[in-house]
Amino acid sequence: QTLSKYMAFNRKKHGATLCEALSNAIRTKATTPGRKMLYLNVMHEVLISESPLQAGYQNDKKWDRLADLRSQLGETVVVDAIASVRDCAGTSEADLAKIRNWIEQWEEIEAFGGPTIVLGAR
């Protein structure tokens, strides 16, 4: 959560750079399935931060402020990252189930503002 909060706080200055670094880290062939899932978990935490799914949710103001970062993550990281994890030898069925659960959560809160990225991730 600390890293996802850092990314959310620094979204204006470093949003594109953070998304690119996260994408590169996940797609690297040398990265193990466990490490890729860790990076995906960070991305998931950013995508659902300040959403109604979070404990302590108060209003849409903070959620709306993170829309640009969620869009950047959706456009540059999500689909390729999930494909990279699925194609990685050693990815467990539990990891894939976790990814499916995350995708359902993103769809429920409309994390990307529409269904296109969620459909691409499935």
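Residues numbered from 1 in each chain as written. Predicted model: local features only at pLDDT ≥ 70, side-chain atom pairs only at ≥ 80, totals over all residues. Heavy atoms only, no water.

Draft legend 1. Region of interest: the nonpolar core. If you look at the biggest cluster of nonpolar residues, it comprises 26 residues, and the most contacted ones within it are Leu 40, Met 43, Leu 73 and Trp 106. Those elements that place two or more of their residues in this core are helix 2 (11-27), helix 3 (33-48), helix 5 (67-87), helix 6 (93-109) and helix 7 (116-121). The greatest single-element share of this core, amounting to seven residues, is contributed by helix 5. Those residues within four positions of Trp 106 in sequence are excluded, and the remaining contacts are Met 43, His 44, Leu 47, Ile 48, Val 78, Ile 82, Ala 111, Phe 112 and Val 118. (Core = buried A, V, L, I, M, F, W, Y, C linked by side-chain atoms within 4.5 Å. Buried < 20%, exposed > 50% of the residue type's maximum accessible area, 1.4 Å probe, protein only. Helix = DSSP H or I, 4+ residues; strand = E, 2+ residues; numbered from the N terminus. Contact = heavy atoms within 4.5 Å.)

Draft legend 2. Inspection of helix 6 at higher detail. For helix 6, built from 17 residues, the straight-helix expectation of 24 Å at 1.5 Å per residue is met to within 8% by its first-to-last C-alpha distance of 25 Å. Within the sequence span of helix 6, burial applies to Asp 95, Leu 96, Ile 99, Trp 102, Ile 103, Gln 105, Trp 106 and Ile 109. Remark: Glu 110 follows helix 6 within two positions and exhibits a positive phi of approximately 50 degrees. (Expected span 1.5 Å × (residues − 1).)

Functional significance is not addressed by these values, which are geometric in nature.
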